[in-house]
Amino acid sequence: MAERIIPLADHRLLNTAPVVPSTLEAPNGLLSDTLARPLQDLRISVTDRCNFRCVYCMPKEVFDKNYAFLPHSSLLSFEEITRIAKIFVAHGVRKIRLTGGEPLLRKNLEKLIAMLSDLKTPDGAALDLTLTTNASLLARKAQALKDAGLQRVTVSLDSLDEATFRRMNDVDFPVADVLRGIEEAHRVGLGPIKINMVVKGGMNDQEIVPMARYFKGSPFILRFIEYMDVGASNGWKMDEVIPSAEVVRRIGAEMPLQEIEPNYTGETAERWQYKDGSGEIGVISSVTQAFCHDCTRARLSTEGKLYTCLFATSGHDLRALVRAGRSDEEISTVIAHLWRARSDRYSELRTASTEGLTQAVRKVEMSYIGG
Ligand code: SF4
């Protein structure tokens, strides 16, 4: 087992407030990075807390009862989040995904959703406002989220088998309650609903085909995510990765599949349709088929740091600018400069390298910036 790095000296302590350029720019206009990738998606983490301890994201040994989660005072307020989001939308962001930790743990999240759902793109269109959740609170909150303006949800579910589910999320939470949350979200119209299963070899890969069988013919789109070396805590090993090609092979052996076109450029999932027309699945292959060339995603941590890659080793403290009373124009100019200078393509680099590269570098924790 690779030596675990306790993320004490983690990103919460790395406060690099960006320098505001002397020449300010108009707070609008599309942005492209050094690889000509437009800024289109913003993922906003609204809390670093979670009520699950998924082994690939927040292993219990690290995120234990002594783990110092962020004090509320350091979290961006809903007004601060909305202000920053508005600037990103003026620069071309069309989709906002709320993440965590577990976003439904953030109190009164409906208020933030209502504020964000009022934002319009420069051509007056509504934003694509979505959220990723472990569904532990979804059955209770779905209607209020929908009423507040949320459009869709993505639910994480790594197994239907109770014992395997518990091994993956390391807490005592029944699968039935997750399924109830999915059904309730569907009932209130938070769709199309996607179901994300992280596949870890030797832990839940035996569940690939049973999960496919269960969701085949349903209105839900099941996606299989390759186990990733996110953060510095999950002890990732390449030989625990089940390549997406193997996932497709296993399912296809029983339920024939054909590949179909992506819905849009930059979609992370590769789409496969059942030949009998009873729906589709997706595979997200950050390890074996990197998709950095189309990556249009920026991430905002729960305390206002901008990260330009899921595997980043440093962020940019936008909260410091907001709380220093900087203008929208100043903050917008900073964001424009940061995105234009972006050259991240970690997954491509990783793929060409060995495991050593991945664990030695203190990458930001996924539970801190959301997936
Ligand atoms: S590794 Fe970074 S650049 Fe590549 S797809 Fe993921 S977030 Fe984007």
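You'll find the structure just up there.
Note that the structure is a prediction, hence the values are computed from the model and not measured.

Draft legend 1. Looking closely at the packing of helix H1 (residues 78–90) against helix H2 (residues 109–117). Packing of H1 against H2 brings their axes to within 10 Å, and their N-to-C directions diverge by 25°. Considered as vectors, H1 and H2 are oriented roughly parallel to each other. H1 and H2 meet at a crossing whose hand is right-handed. From H1, Phe78, Glu79, Ile81, Thr82 and Ala85 reach across to H2, where they touch Leu109, Lys111, Leu112, Met115 and Leu116.

Draft legend 2. Main features of the environment of Arg326. On the secondary structure map, Arg326 appears in the loop between helix H8 (318–323) and helix H9 (328–340). Exposure remark for Arg326: the relative accessible area of 31% places this residue in the partly exposed category. Separated by 306 residues in sequence, Arg326 and Val20 have C-alpha atoms that sit 9.0 Å apart. When sequence neighbours within four positions are dropped, the list of residues in contact with Arg326 reads Val20, Arg83, Leu321 and Ile331.

Draft legend 3. Representation of the side chain of Ser332 in the model. Inspection of the secondary structure assignment puts Ser332 in helix H9. What makes Ser332 buried here is its relative accessible area of 1%.

Draft legend 4. Molecular detail of the sheet that holds strand E5 (residues 194–199). Strand order across the open sheet formed by twelve strands is E7-E8-E9-E6-E5-E4-E3-E2-E1-E10-E11-E12, with mixed pairing between neighbours. A single partner strand is all that each edge strand has here, and the edge strands are strand E7 (257–260) and strand E12 (316–317). Pairing of strand E11 (residues 305–307) with E12, which is carried by two bridges, proceeds in the antiparallel orientation. Each residue of the ladder has a partner; that of Leu306, found in E12, is His316. The strands touched by helix H7 (residues 244–254) within the sheet are strand E6 (221–226), E7, strand E8 (270–274) and strand E9 (280–284), with E9 carrying the most contacts at an inclination of about 155°.

Draft legend 5. Quick look at the side chain of Arg299. Topologically, Arg299 is positioned in strand E10 (residues 297–300). It is Asp344 that comes nearest to the buried, bridge-free Arg299 among opposite-charge side chains, at 8.7 Å. Every residue in contact with Arg299, bar those within four places of it in the chain, is listed here: Leu42, Arg43, Lys305, Leu306, Tyr307, Cys309, Leu310, Ile369, Gly370 and Gly371.

Draft legend 6. A look at the site of the ligand. The environment of the ligand is made up of Phe291, Cys292, Cys295, Arg297, Arg299, Cys309, Leu310, Phe311, Arg342, Asp344, Tyr346 and Ser347. Taken together, the elements giving at least two residues each to the shell around the ligand come down to E10 and helix H10 (346–351).

Draft legend 7. Seen up close, the packing of aromatic side chains. Taken as a whole, this structure holds eight aromatic pairs when the rule is applied. Where Phe215 meets Phe220, the ring centres are 6.4 Å apart and the plane angle is 75°; that geometry is what we call edge-to-face. Look at Phe215 and you get buried, because its relative accessible area is 5%. Judged by relative accessible area, Phe220 falls into the buried class, the value being 7%. Among the aromatic residues, those joined into a ring-pair cluster are Phe52, Phe165 and Phe173. Just above the ring of Phe311 sits the side chain of Arg350; from NZ or CZ to the centre is 4.9 Å.

Rules behind the numbers
Residues numbered from 1 in each chain as written. Predicted model: local features only at pLDDT ≥ 70, side-chain atom pairs only at ≥ 80, totals over all residues. Heavy atoms only, no water. Axes fitted to C-alpha atoms, helices over the stretch in contact; angles between N-to-C directions. Helix = DSSP H or I, 4+ residues; strand = E, 2+ residues; numbered from the N terminus. Parallel < 35°, antiparallel > 145°, perpendicular 65-115°, else oblique. Left-handed = near helix turned anticlockwise from the far one by under 90°. Contact = heavy atoms within 4.5 Å. Buried < 20%, exposed > 50% of the residue type's maximum accessible area, 1.4 Å probe, protein only. Pairing = 2+ DSSP bridges. Lys, Arg positive; Asp, Glu negative; His and termini not counted. Salt bridge = Lys/Arg side-chain N within 4 Å of Asp/Glu carboxyl O. Near = heavy atom within 4 Å. Phe/Tyr/Trp six-rings, centres within 6.5 Å; stacked < 30°, edge-to-face > 60°. Lys NZ or Arg CZ within 6 Å of the ring centre and 35° of its normal.

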